[in-house]
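So you can see what is in the structure, the chains are spelled out below.
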Amino acid sequence: MEYKKFGTTYVIRLDPGEEIVEKLLWLAAVEGIKLANLNGLGAVDNVTLKSFQPDTKQYHAHMYHTDLEIVSLAGNLTTLNGRPYPHLHMSVADSVGHVYGGHLNKAVVSSTCEIFVHVIDGIVERKPNARIGLHILTFPE
């Protein structure tokens, strides 16, 4: 991974074999990023996407082990118990144009991935919400 900061934005390039979520967590920890939104493009070949089921309050994983083009990578970085917490969604397309999407759990880069991380001055912490079954945004008073 290589990256450069321009003002409040990090421009990142991930290389083959690098895992997207792992590298974003590393960047947030090293650079002290507490709050940001992000978007990205690229190609992956080992992806786990999840879909949340509100009735059971559980995620169901869908794994893909083939060449896929990232149609959209979007999300945010906040904190949970003071540590970086990524909330990412990804849509990917196969070679015939079928699109799959969901909550990004894991994605290994196959050729390259370009991500722009736009840092926001502030901290937004996540807290568990038993009724919903998710860690939701909470705002400082």
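**Re the overall build of the protein chain**
- Looking only at helices and strands, one finds one helix and nine strands in the protein chain.
- For the protein chain, the α and β elements follow one another from N to C terminus as β-β-α-β-β-β-β-β-β-β.
- Scaling as 2.2 N^0.38, a compact globule of 141 residues should have a C-alpha radius of gyration of about 14 Å, and the protein chain matches this with 15 Å.
- Taking all contacts inside the protein chain whose residues are at least 6 apart in sequence as the whole, residues at least 24 apart take part in 62%.
- Averaging the positions of the 12 positive and the 15 negative side-chain charges in the protein chain gives two centres separated by 9 Å.

**Brief notes about the layout of surface pockets**
- Empty space within the largest pocket amounts to approximately 350 Å³.
- Examining the composition of the lining of the largest pocket, we find that five residues originate from one element, strand S6 (residues 83-93), more than from any other.
- For the lining of the largest pocket, the residue count by class is nine nonpolar, six polar and two charged.

**Quick word on the nonpolar core**
- Ile20, Leu73, Met90, Leu104, Ile115 and Val117 are the most contacted members of the largest nonpolar core, which has 28 residues in total.
- For this core, the elements supplying multiple residues, two or more each, are strand S2 (9-14), helix H1 (20-31), strand S3 (36-53), strand S5 (68-80), S6 and strand S7 (99-119).
- Among the elements that make up this core, the one with the highest residue count is S7 (six residues).
- Those residues within four positions of Leu104 in sequence are excluded, and the remaining contacts are Ile20, Val21, Thr48, Leu49, Leu73, Leu88, His89 and Met90.

**Some words on unusual backbone geometry**
- Phi angles above zero are rare outside glycine, and Lys57 is one such case at about 55 degrees.
- By the secondary structure assignment, Lys57 is in the loop between S3 and strand S4 (58-64).
- At Asn81, a position not held by glycine, the phi torsion is positive, near 55 degrees.
- With respect to the helices and strands, Asn81 occurs in the loop between S5 and S6.

**Details of the pairing of S6**
- Bridging between S5 and S6 involves eleven bridges; their strand directions are antiparallel. Across the sheet, the residue bridging to Leu73 is Met90, located in S6.
- What sits between the antiparallel neighbours S5 and S6 is a turn of two residues, in which Asn81 has the positive phi angle 55 degrees.
- Note that S6 and S7 share five bridges and pair antiparallel.

Reading guide: rules and limits
- Residues numbered from 1 in each chain as written.
- Predicted model: local features only at pLDDT ≥ 70, side-chain atom pairs only at ≥ 80, totals over all residues.
- Heavy atoms only, no water.
- Helix = DSSP H or I, 4+ residues; strand = E, 2+ residues; numbered from the N terminus.
- Rg over C-alpha atoms; globule rule 2.2 N^0.38 Å.
- Contact = heavy atoms within 4.5 Å.
- Lys, Arg positive; Asp, Glu negative; His and termini not counted.
- Charge placed at Lys NZ, Arg CZ, Asp CG, Glu CD.
- 1 Å grid on protein atoms, 1.4 Å probe; cavity = no way out; pocket = protein on both sides within 12 Å on 5 of 7 lines; lining within 4 Å.
- Points joined across faces, edges and corners; volume = space filled by probe spheres on them.
- Nonpolar A, V, L, I, M, F, W, Y, C, P; charged D, E, K, R; others polar.
- Core = buried A, V, L, I, M, F, W, Y, C linked by side-chain atoms within 4.5 Å.
- Buried < 20%, exposed > 50% of the residue type's maximum accessible area, 1.4 Å probe, protein only.
- Pairing = 2+ DSSP bridges.

In short, geometric facts, not functional conclusions.
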